[in-house]
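# An overview of the molecular structure
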There are 2 protein chains.
Amino acid sequence: MLPKTAEYGLRAIVCLGRETAGRQSADEIAKLTQVPRRYLHKVLQDLGKAGLVASQSGPGGGYSLARAAASITILDVVNAVGRIERVRVCPLGLRSHSDLCPLHREVDKAYAMVEAAFGRVTIAQVLSASQFPLPLCDASPLIEAVGE
Amino acid sequence: MLPKTAEYGLRAIVCLGRETAGRQSADEIAKLTQVPRRYLHKVLQDLGKAGLVASQSGPGGGYSLARAAASITILDVVNAVGRIERVRVCPLGLRSHSDLCPLHREVDKAYAMVEAAFGRVTIAQVLSASQFPLPLCDASPLIEAVGE
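First, a word on scope: everything that follows refers to the structure included in this document. Throughout, a residue's number is its position along its own chain's written sequence, starting from 1. Both sets of labels track the order of writing: A upward for chains, 1 upward for ligands. Local features in a predicted model are, by the rule used here, given only for residues with pLDDT of at least 70; side-chain atom pairs are given and counted only at 80 or more, and totals for whole chains, interfaces and linings are based on all residues.

### Quick notes on the overall build of chain A
Formally: Put simply, DSSP marks the helices as runs of H or I at least four residues long and the strands as runs of E at least two long, and each gets a number from the N terminus on. Our exposure labels follow a C-beta count within 10 Å of each residue's own C-beta, placed from the backbone: buried means 20 or more other C-beta atoms, exposed means 12 or fewer, and partly exposed covers the counts in between.
If you tally the helices and strands in chain A, you get seven helices and two strands. Its helices and strands in sequence order give chain A the pattern α-α-α-β-β-α-α-α-α, from N to C terminus. With 148 residues in all, chain A has 36% of them scored as buried.

Now the structure itself:
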């Protein structure tokens, strides 16, 4: 239901928010997130404009989070790259529908619920090491520990 | 957030579910719902396949609801034309993510909420005459009554 760019934006932010991340090149981000390069550039640009990602050019440059992962919610990321389009006015442009009709009210209510849910979860929570599997990582530390 | 076809499917079903509807031609539905004809044909076909809309060809033919509006939920319509894609498996295809990671769990939780919300509301409820403005109608009976 989310646009592909929102999914890609979330992967990029999670990638940059990992404890071990530091500054990362577009190549590294693309590899880890599996986001096609033609999308990644635009997504990182949008995340930059929204003040979520900082970039530094030149040797040793790359991308990093511009804010702490604990202060970035899933909603911040979704809104930066695609925005959840709430239904504010009648999609049919009917003049008498200054209030939404029951159909579009129900649709908008669902969107509002998603907004609220995404607004409650931070990227830091998503990355919390107490939860497995870890986003973007194809290995569970729990499994590794058991295997030792 | 819903695909355009879902919005169009909902309009078509609401159009056919109105008390005064009877059997309606594609032209009538297109006019009232403002759904472009190139979409409407496909939408009506999908609604037919899902058993929500019946069609009769020939003179006097047209489209009608195949079931009572009280037995059709918003979710039935959305699923007939586009389906809410729940996140069942890791979108990155990571082997160790047999359970979803916290990021994709949160995304899927939001989708599940929308599914549940849409599953609770029937087309009959949306068309309930006690609620204004009425879907697809550019006149509120309340306003008309005051104007008399």
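Picking up after the structure, the text goes on.
### Concerning the interface of chain B and chain A
Put simply, the test is: Remark: residues whose backbone-derived C-beta atoms lie within 7 Å of one another are considered to be in contact. Put simply, Ala, Val, Leu, Ile, Met, Phe, Trp, Tyr, Cys and Pro go in the nonpolar bin, Asp, Glu, Lys and Arg in the charged bin, and everything else, Gly too, in the polar bin.
Facing the 40 residues of chain B at the interface are 40 residues of chain A. No other element matches the eleven residues that helix α5 (residues 102-120) of chain B contributes to the side of chain B that touches chain A. Of the residues contributing to the side of chain B that touches chain A, the split by class is 27 nonpolar, six polar and seven charged.

### Quick word on the relation of the copies chain B and chain A
Defined as follows: Alignment of the copies relies on least squares applied to C-alpha atoms, considering only residues that score at least 70 for pLDDT in both.
At an RMSD of 0.0 Å, chain B and chain A line up after a rotation of 180° and a shift of 0.0 Å along the axis. Such a turn and shift between the copies fits a two-fold axis. Among all residues of chain B, the minimum C-alpha distance to the rotation axis is found for B:Met1, at 3.0 Å. In this assembly the copies share their binding face: 100% of the residues contributing to the interface of chain B also contribute to that of chain A.

### Some details on unusual backbone geometry
Residue and element names in this part refer to chain A. Backbone geometry places Gln34, a non-glycine residue, at a positive phi of 60°. If you trace the backbone, Gln34 turns up in the loop between α2 (26-33) and α3 (37-49). Residue class for Gln34 comes out partly exposed when judged on the 14 C-beta atoms lying within 10 Å of it.

### As for the nonpolar core
Using the following cut-off: When buried Ala, Val, Leu, Ile, Met, Phe, Trp, Tyr and Cys residues are joined through C-beta atoms within 7 Å, the set is termed a nonpolar core.
Counting 80 residues, the largest nonpolar core has A:Ala12, A:Ile13, B:Ala12 and B:Ile13 as the members making the most contacts within it. Not counting residues within four places of it along the chain, the set of residues in contact with A:Ile13 comprises A:Leu47, A:Leu52, A:Ile72, A:Val77 and A:Ile123.

### Some words on α2(A)
Residue and element names in this part refer to chain A. The criterion, for reference: By construction, the arc corresponds to the directions joining the helix axis to the C-beta atoms.
Along α2, the residues that are buried comprise Ile29, Leu32 and Thr33. Projected onto a plane normal to the axis of α2, the buried residues spread over an arc of 85° and lie on a single side. The exposed set on the far side of α2, more than 90 degrees from its buried face, consists of Asp27 and Lys31. The secondary structure elements touched by the buried residues of α2 are α1 (4-17), α3 and β2 (62-65). Gln34 sits one or two positions beyond α2 and adopts a positive phi of about 60°.

### Details of the pairing of β2(A)
The cut-off we apply is this: In short, DSSP must find at least two bridges between two strands for them to pair.
Bridging between strand β1 (residues 53-56) of chain A and β2(A) involves four bridges; their strand directions are antiparallel. Opposite A:Ser55, over in β2(A), you have A:Tyr63 as the bridge partner.

### As for the packing of α1(A) against helix α4 (residues 74-81) of chain A
All names here are of chain A. Going by this rule: Axis lines are fitted through C-alpha atoms, for helices just across the contact stretch, and the angle between N-to-C directions can take any value from 0 to 180 degrees. In this scheme, roughly parallel covers angles under 35 degrees and roughly antiparallel covers those over 145, while 65 to 115 is roughly perpendicular and the rest are oblique. Crossing chirality is assigned from the near helix's rotation relative to the far helix, an anticlockwise turn below a right angle marking it left-handed and a clockwise turn marking it right-handed.
Interaxial distance between α1 and α4 falls to 8 Å at its minimum, and their mutual angle equals 130°. Comparing their axes, α4 and α1 come out oblique. As α1 runs across α4, the sense of the crossing is right-handed. Within the contact between the two elements, α1 uses Thr5, Ala6, Gly9, Leu10 and Ile13 and α4 uses Ile74, Val77, Val78, Ala80 and Val81. For the contact of α1 with α4, the class distribution of residues is eight nonpolar, two polar and no charged.

### What about the packing of α1(A) against α2(A)?
Residue and element names in this part refer to chain A. It is the contact of α1 with α2, at a shortest axis distance of 10 Å, that shows an interaxial angle of 115°. As the angle between them shows, α1 and α2 are arranged roughly perpendicular. α2 is crossed by α1, and the crossing has right-handed handedness. Of α2, the residues touching α1 (which contributes Arg11, Ala12 and Cys15) are Ile29, Leu32 and Thr33. Here the residues of the contact of α1 with α2 are counted per class, giving four nonpolar, one polar and one charged.

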